[in-house]
Every structure is written in structure tokens, then in C-alpha cells.
Amino acid sequence: MRSQGQVRFLRVSPRSQMIAAGAVLGLAVASLASAAVSQYSSRSALADLNQREAQVARAEGEVQRYRKDIRTLTSDLAHRQQFIEQMIDAHVAEIPEGQPDTQVTPKTRAMVNRVSTAFPDASALAHIEAEQLALVERLTEHADARSQAAIASIRKLGLNPQTLLASSRKAGQGGEGGPLVKLATQADGRLDSRFARMGRSLARMSALENGLTLVPQVSPAHVAYVSSSFGYRSDPFTGGAAFHAGLDFPGPMGSPIYAAAKGRVTFAGQKHGYGNCIEVTHGNGLMTRYGHLSGFRTRVGQEVEAGALIGAMGSTGRSTGPHLHFEVRVNDRPVNPRPFLEAARLQGGTNRGQRETH
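Note that the coordinates shown come from a computational prediction; the quantities given were computed from them, not determined experimentally.

1. Considerations on the overall build of the chain
From N to C terminus, the chain includes 7 helices and 14 strands. In the chain, which comprises 358 residues, the proportion classed as buried is 38%. In the chain, the proportion of contacts linking residues at least 24 apart, taken out of those at least 6 apart, comes to 71%. Of the accessible surface of the chain, which amounts to about 21,200 Å², a share of 54% is contributed by carbon and sulfur atoms.

So this is what it looks like as C-alpha cells:
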């Protein structure tokens, strides 16, 4: 150090130099870290601000939707109401009593509050829209619950619900038509996705329940027991091993024979091995066959209800005595009728009001 013509020397030890360098480095790191934290905070704040701006924009958009054109909005609500009424009339007739109303979601309630605050004149319309959306959700849940109940009943009968639905769709491919009646929930012809989902749920429910009504669930004869079961048996004529494709119901000659399910008579006449035979087609690939009859009480092409009188017990064809041979076939493949008869007993099917067809 030079001072007043003199030179002085200051000696700094290596340890002191390391301490000083460390202090400088620490200050630099701290400064960089502070800058990084500051930058991250700024980015986080910016992202949060952008998110809030987006929420505000959406909320403002909802308000503007009401402010823009009350007439268009009123028309949209009317289209929505018409859509709901069409779905109810087509699939459920009326909203079931005892079902608690689906609550308006917090998001929808917040939207109603925003609109009511910013545009009081549209408050009533906002409440109507909220109630419509709640009803749509309620109907969707109701349809889904009934679909699950129908699926459970179909599975108890040993049938595949998806197979029934597929058969129903395939049957409908033969011929379809009619005037075009478009469904829309908005005046411009568009369909709200929530309403579309409700429509699909109701249509699926109807298809499953209609399929279930066509499944044999009524006892075809009033008898106390079954003389021959489905599957392997010793043939009554040869004594050899044979496959029995149905159930045999023994009874007095002339005893009434009933349709096991709603359907259309597609055969009434002589069939090899069955004698006098009636076949009723129920749709979805289901058919029931009634053999060894002594007489017919129906004709080909006739529509019959479940429990309708269609024939009389006999011993025609390959038979050892008066009885009914009853088959259930799915896509022309015989299945065990016993689960259907058990379902009939559980539902009181054997005691239903059987009636004669005309």
C-alpha cells in the first residue's frame, strides 16, 4: 500500500483468502437464488392471474349469454323443455314419484347467482335453466338405475344382456323409416351433450326393459312337476343316450297351454317328432316351442300376450302320453327353460290372468 511516499505491505493468509472468496461466492449464490425465486413467484403469479382471468372470462361469457339476446335464450329453453317432455313421453311416461330431485350443482348455482347479480332481468331464466339441468341429471340417473336392474334380471335368466341388445339392433336393420323429426335443444338445431347423454340412457333402458318383457317368464302349463328335464336323458323309446332340448309337463288331455311371453305366432302345424306344434317368436332371437298338442287356439301371424291361451295338451308326434314339450331357443339354439320358469314362480307368473286369444 503506497502512502505519503512510503510503501507498506499487508499480508493475507490463504485461510483468510478462502473465507473472503467463500463470502463473495455465497453472496453471488444468494443473489441468484433470490432472482430465481423472484422469477418463479412471478411466473406462478402470472399463471394464477391467467387462470383467474379465464374464470372471469367464462363467468362474463355466461352473463353475456343472458345479456345478449333474451329472445334467443328463451327459445333455447323452450327447445330444451320440449326435448325433455318428448323423452319422458317416449320412455318413462311420467317422472316416478318418491324419487328425490337431483340437486342443482354448485357450479350451476354459482352461474345462477352471477347472472342474477349482473342481470336481474334474466334471473328467472337462469333458475329455469338450472332446474332443467337438474332434471336432466335426475332422468339420466333414473334411466341408468333401471338399466342396471334389467341387466341383473336378464343375467339371472342365464342370458347375455349385450346379446339381447345386439339382436334387437340387428332386427331393426331389416327396415326402418318415417318422416325426419330432428331433436334439438337450441334454436339453431344443436343438441346439448348433457341432453344427448340423457336420451341415450333412456333409449338403452327402454331396449333392455322391452327385451325383458319378451323373455319367457310365464309357465306354459299348470302342472305340479316336470317329467323330463333339459339335457341328457335315456330316450323313452330306445333307452339309449339322448339329448332333451326342453322340459316335459305331464297333465290331462286337453289341458290349456299358454304363451310364455309376448310375441307373434310364426308356426302352427305338424313338425317331425313334435306332432302338433306351435312356435312363438318373441324378438331379440328368442323363440318358444310347444309340442305334442291336441289342438290349436291360435293361428300363424297372430300377436299374443304373455299368458294367452294358444293350445291344448295332447300326445301327438313322438310321445308316450299326454304332456307338453316346452322349449326356449335363443338364435335357434335350445337353452334350459328352468331359469325362466323359476323367474315366473318368483314373479307370480303361474298365477297371472291367462286368457284366450281371438
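So much for the structure itself; the text now carries on.
2. Overview of the side chain of Gln302
Within the element layout of this structure, Gln302 appears in the loop between β9 (286-296) and β10 (303-304). Owing to a relative accessible area of 8%, Gln302 belongs among the buried residues under this scheme. A polar contact is formed between the side chain of Gln302 and the side chain of Thr298, at a distance of 2.9 Å.

3. Topic: the layout of surface pockets
Of the voids in this model, the second largest pocket is the one considered here, and its volume is about 380 Å³. Taken together, 24 residues line the second largest pocket, and the ones lying closest to its centre are Arg233, His244, Asp248, His292 and Arg318. Looking at the lining of the second largest pocket, the elements that each hand over two or more residues are β4 (241-244), β5 (247-250) and β12 (323-330). Per element, the largest residue contribution to the lining of the second largest pocket is 4 residues, and it comes from β12. Residues of the lining of the second largest pocket, tallied by class, amount to 8 nonpolar, 10 polar and 6 charged.

4. Observations concerning the packing of aromatic side chains
Under the definition given, this model contains 3 aromatic pairs. Between Phe230 and Phe243, the ring centres sit 5.3 Å apart and the planes meet at 80°, which makes this aromatic pair edge-to-face. With Phe230 in the loop between α6 (193-213) and β3 (231-234) and Phe243 in strand β4, the pair connects residues that are 13 residues apart, well separated along the chain. Classification of Phe243 by relative accessible area gives exposed; the value is 54%. For Lys271, the ring lying beneath its charged end belongs to Phe267, and the centroid distance is 4.5 Å. Directly above the ring of Tyr274 sits Arg289, whose terminal nitrogen or CZ lies 4.9 Å from the centroid.

5. A few points about the pairing of strand β7 (residues 263-271)
Both β7 and β10 contribute to a ladder of 2 bridges, which runs antiparallel. Along β10, the bridge assignment pairs Arg264 with Glu303. As paired elements, β7 and strand β8 (residues 275-283) share 7 bridges and run antiparallel to each other. Following the sheet pairing, Val265 is matched in β8 by Val280. A loop of 3 residues connects β7 with β8, the two strands running antiparallel in sequence, and Gly273 in this loop sits at a positive phi of about 85°.

Cut-off values and rules
- Residues numbered from 1 in each chain as written.
- Predicted model: local features only at pLDDT ≥ 70, side-chain atom pairs only at ≥ 80, totals over all residues.
- Heavy atoms only, no water.
- Helix = DSSP H or I, 4+ residues; strand = E, 2+ residues; numbered from the N terminus.
- Buried < 20%, exposed > 50% of the residue type's maximum accessible area, 1.4 Å probe, protein only.
- Contact = heavy atoms within 4.5 Å.
- Areas by Shrake-Rupley, 256 points an atom, 1.4 Å probe, with all protein chains shown as cover.
- Polar contact = N/O pair within 3.5 Å; in protein donor to acceptor, adjacent residues only side chain to side chain.
- 1 Å grid on protein atoms, 1.4 Å probe; cavity = no way out; pocket = protein on both sides within 12 Å on 5 of 7 lines; lining within 4 Å.
- Points joined across faces, edges and corners; volume = space filled by probe spheres on them.
- Nonpolar A, V, L, I, M, F, W, Y, C, P; charged D, E, K, R; others polar.
- Phe/Tyr/Trp six-rings, centres within 6.5 Å; stacked < 30°, edge-to-face > 60°.
- Lys NZ or Arg CZ within 6 Å of the ring centre and 35° of its normal.
- Pairing = 2+ DSSP bridges.

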